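One-letter residues, chain by chain:
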Amino acid sequence: MANQELDPEIAALLSNAETTISVDDIDKLPDTPIPEKRSFFKKSLFNEEPGTPRAPRSIHDVDLSKTEFAQIEKLQNDVSNGIYDDQKYYKTALTGENTSAQRVHQVLTKYLTCTDPKDRAVYRQQIVTCYWELLRGMAPKMTDMNLPMPKRMLMRFGVLLPSLFKAEQKDFFSKIIYENKTGEPILYVDEWFKEIASGRMSNSATDEKKQPARNLTPDQAASAEQSRLMQLQSKNSGKMQSSENILSIKENERAMIEAELKNRIDTLTDHVPVMGLEPHKSAMTEVQRKLFSEVTDLLHRLSKNDKELSKALNEFQDAKGIYDNVQNKITETGGQPVQADEGAVNTEFDTIRQMAKMTIGRRGNQFPMFTREFYHCTEKGTGTRENVIEVLRWIESIDPGVFHRIHKNVPNRIVPYVCLVPTYGDRGFCWEPFDRYNRVTSRGRIVVPMYPKDLRIAVLTAVADLRWQVAKEKASYYWMEEGLTGQYFQHAEQLKLKGDIKEFFIEDYILWMTKESFGVQRLDKDVRGIFWRNMPFPKSLKEDLRKRSLVYDELCKKDANREMSDGY
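Here the structure is a predicted model, which means the values were calculated and not measured.

## Looking at the environment of Phe-374
At step 1: Residue position: Phe-374 is located in the loop between helix H11 (342–360) and helix H12 (385–398).
At step 2: Judged by relative accessible area, Phe-374 falls into the buried class, the value being 16%.
At step 3: The sequence separation of Phe-374 and Tyr-424 amounts to 50 residues, and the corresponding C-alpha distance is 7.6 Å.
At step 4: Residues within four places of Phe-374 in sequence aside, it is in contact with Tyr-111, Arg-124, Asn-365, Phe-367 and Tyr-424.

Structural data, given as structure tokens:
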């Protein structure tokens with residue numbers, strides 16, 4: 001536990017940590033004196049502004065009524081939270097952890113005080129191994145509401161030693177908004193483990209075989225059942241919203257047909273009195289006789305709509321019945337919070353470590369903790385929750401259908417879970433496009449590194465990967481022939497491109513978003529046509545582009561031709 005005393009050996013090392021680690025002239029890592037500890041516990045730890053809107057109760061419920069990301073009003077707090085000014089931050093972060101905490105301290109001390117570049121490289125590699133073992137022991141504790149903030153910040157941002165900050169970096173990190181006030185499924189690693197442990201999120205998909213169910217104690221069985229119910233409720237919430245969305249569309253369609261039908265009937269039954277033969281009225285006019293066919297057509301459309309509406313209504317009733325049934329079962333169990341599932345967390349930890357490696361790549365910087373030696377991001381270029389949402393909002397403004405998933409010809413906007421990992425990687429990626437057991441309304445999962453060279457490119461690579469995988473899954477066995485992936489694959493075959501087709505697609509998608517959307521032609525003509533049809537820009541942007549170049553004007557003309565032939 002966090003309140004346990006340290007091993008005597010590590011306690012002795014920690015007692016003089018500031019003299020052994022904080023060195024002024026070793027390898028450009030001068031120590032910044034730690035200010036006196038402030039009494040910030042008397043006020044709000046995170047300096048929340050009064051009247052700040054609270055996040056929705058759950059980020060796991062897919063809200064199909066939302067059409068875009070809300071603009072972020074504040075990217076950070078105005079006042080520092082003071083967490084990194086605590087003189088005992090380093091000691092608190094390592095206290096009560098497994099034996100790897102002692103190993104981390106020893107190796108980190110040698111790394112920061114070493115003058116030989118070769119030895120320094122060896123220590124740097126040793127830090128990677130023991131640091132991840134430290135995090136493994138800390139991961140299940142992320143559900144503890146009373147967990148000391150240094151431990152949480154270590155997991156979230158990789159900050160172990162505040163003296164490795166520059167002054168302006170410490171100030172920036174101290175103002176990062178702690179809670180998720182956006183309601184979007186953008187999660188830091190500590191929050192990710194918390195959701196996994198509580199059962200509100202299932203483990204990320206892997207290729208490993210599931211272990212057979214073990215004998216559970218009554219408390220474990222109750223916890224597992226509660227977790228299962230919560231996941232089932234989350235899935236059925238999305239299904240219910242999807243069916244209700246379709247029902248609303250059919251009801252609106254019926255209202256339009258009925259209004260049109262009433263208008264035709266009113267016109268059909270309006271007869272003008274015959275002059276001199278009042279009160280007799282004239283026969284139908286030629287215009288009125290032509291309305292017979294229109295009324296017949298409207299009645300056919302109304303009949304077809306009624307069948308579709310009845311089906312949609314039944315599906316909505318079934319989905320709502322399941323949702324209410326699950327809700328009642330959760331209520332019957334008292335809605336007690338589930339116990340942390342350490343097995344699920346340990347399994348997810350291995351997945352998170354693999355995710356971190358993938359953001360970095362084989363030749364990237366694997367150093368796992370924050371240090372000014374490797375952190376070269378601007379404030380807006382750091383992968384905080386708010387900054388990532390702003391990038392996603394920009395992407396969606398250019399590619400409106402990026403998060404849309406078509407179900408029964410209705411586009412549902414489903415934002416994926418985004419895991420923010422504190423690595424010095426440069427590439428984001430899609431871990432899974434959607435839940436294998438709920439392809440309709442489940443969220444996919446993408447991963448974004450927090451300290452990349454270019455945050456916009458890091459997020460774009462993740463979104464492009466998501467685009468590709470969703471399109472590929474939709475086309476199923478015909479992914480090399482149909483849809484976005486099929487058209488792009490056939491283009492690559494014509495050019496005889498060698499290598500991973502998806503990587504070529506991601507590179508072209510980045511050019512599509514960063515160059516072509518501004519009228520700068522960088523793509524092959526065929527690729528531009530494929531993207532223009534399958535990932536169209538907004539109409540306003542299309543109209544702006546057609547004024548800049550004949551290339552885009554020609555594409556707009558082809559759009560008009562397709563609309564006229566009902567082939568668009």
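Picking up where we left off.
## Some words on the packing of aromatic side chains
At step 1: With the rule as written, the count across this model stands at 34 aromatic pairs.
At step 2: Aromatic pair Tyr-424 and Tyr-451: ring centres 5.7 Å apart, planes at 40 degrees, arrangement tilted. Of this pair, Tyr-424 sits in the loop between strand E4 (417–421) and strand E5 (429–432) while Tyr-451 is found in the loop between strand E6 (445–449) and helix H13 (455–475), placing the two residues 27 residues apart along the sequence.
At step 3: Sitting above the plane of the Tyr-111 ring, Arg-120 keeps its charged end 4.1 Å from the centroid.

## Considerations on the nonpolar core
At step 1: Within the largest apolar cluster, 120 residues are counted, with the highest numbers of intra-cluster contacts made by Phe-157, Phe-173, Ile-395 and Phe-531.
At step 2: Top element by residues in this core is H13. It accounts for eleven residues.
At step 3: Other than its neighbours up to four places away in sequence, Ile-395 contacts Val-402, Val-459, Leu-460, Val-463, Tyr-509 and Met-513.
At step 4: Counting nine residues, the second largest nonpolar core, distinct from the first, contains Met-240, Phe-316, Ala-319 and Val-410.

## Comments concerning the sheet that holds E6
Whenever strands of a sheet pair, they do so through backbone hydrogen bonds, lying parallel or antiparallel.
At step 1: In space, the four strands of this open sheet follow the order E1-E4-E6-E5, with mixed pairing throughout. Unpaired on one side and paired on the other, strand E1 (186–188) and E5 mark the two borders of the sheet. Adjacent strand axes in the sheet meet at a mean angle of 30 degrees when their direction is disregarded.
At step 2: For E1 and E4, the ladder comprises three bridges, and the chain directions are parallel. Counted as the bridge partner of Ile-186 is Val-418 from E4.
At step 3: Those strands touched by H11 are E4, E5 and E6, and its axis lies near 155 degrees from that of E5.
At step 4: In this fold H13 packs onto E5 and E6, with an angle of close to 160 degrees to the strand it touches most, E6.

## So, the packing of helix H8 (residues 189–198) against H11
At step 1: One can describe the packing of H8 onto H11 by two numbers: an axis separation of 9 Å at closest approach and a directional angle of 145 degrees. Helix-helix and strand crossings are classified by hand; for H8 and H11 the assignment is right-handed. Residues Val-189, Trp-192, Phe-193, Ile-196 and Ala-197 of H8 lie in contact with H11, whose contacting residues are Ala-344, Val-345, Glu-348, Phe-349 and Ile-352.
At step 2: Here the residues of the contact of H8 with H11 are counted per class, giving nine nonpolar, no polar and one charged.

## A short note on the pattern of salt bridges
At step 1: This structure, assessed with the given rule, holds 33 salt bridges.
At step 2: Two residues, Arg-136 and Asp-350, come together in a salt bridge whose shortest N-O distance is 2.9 Å. Linking Arg-136 in helix H5 (residues 117–138) with Asp-350 in helix H11, this pair joins segments that are 214 residues apart in sequence.
At step 3: Relative accessible area serves as the criterion here: at 42%, Asp-350 is assigned to the partly exposed category.

Rules and cut-offs
Residues numbered from 1 in each chain as written. Predicted model: local features only at pLDDT ≥ 70, side-chain atom pairs only at ≥ 80, totals over all residues. Heavy atoms only, no water. Helix = DSSP H or I, 4+ residues; strand = E, 2+ residues; numbered from the N terminus. Buried < 20%, exposed > 50% of the residue type's maximum accessible area, 1.4 Å probe, protein only. Contact = heavy atoms within 4.5 Å. Phe/Tyr/Trp six-rings, centres within 6.5 Å; stacked < 30°, edge-to-face > 60°. Lys NZ or Arg CZ within 6 Å of the ring centre and 35° of its normal. Core = buried A, V, L, I, M, F, W, Y, C linked by side-chain atoms within 4.5 Å. Pairing = 2+ DSSP bridges. Axes fitted to C-alpha atoms, helices over the stretch in contact; angles between N-to-C directions. Left-handed = near helix turned anticlockwise from the far one by under 90°. Nonpolar A, V, L, I, M, F, W, Y, C, P; charged D, E, K, R; others polar. Salt bridge = Lys/Arg side-chain N within 4 Å of Asp/Glu carboxyl O.

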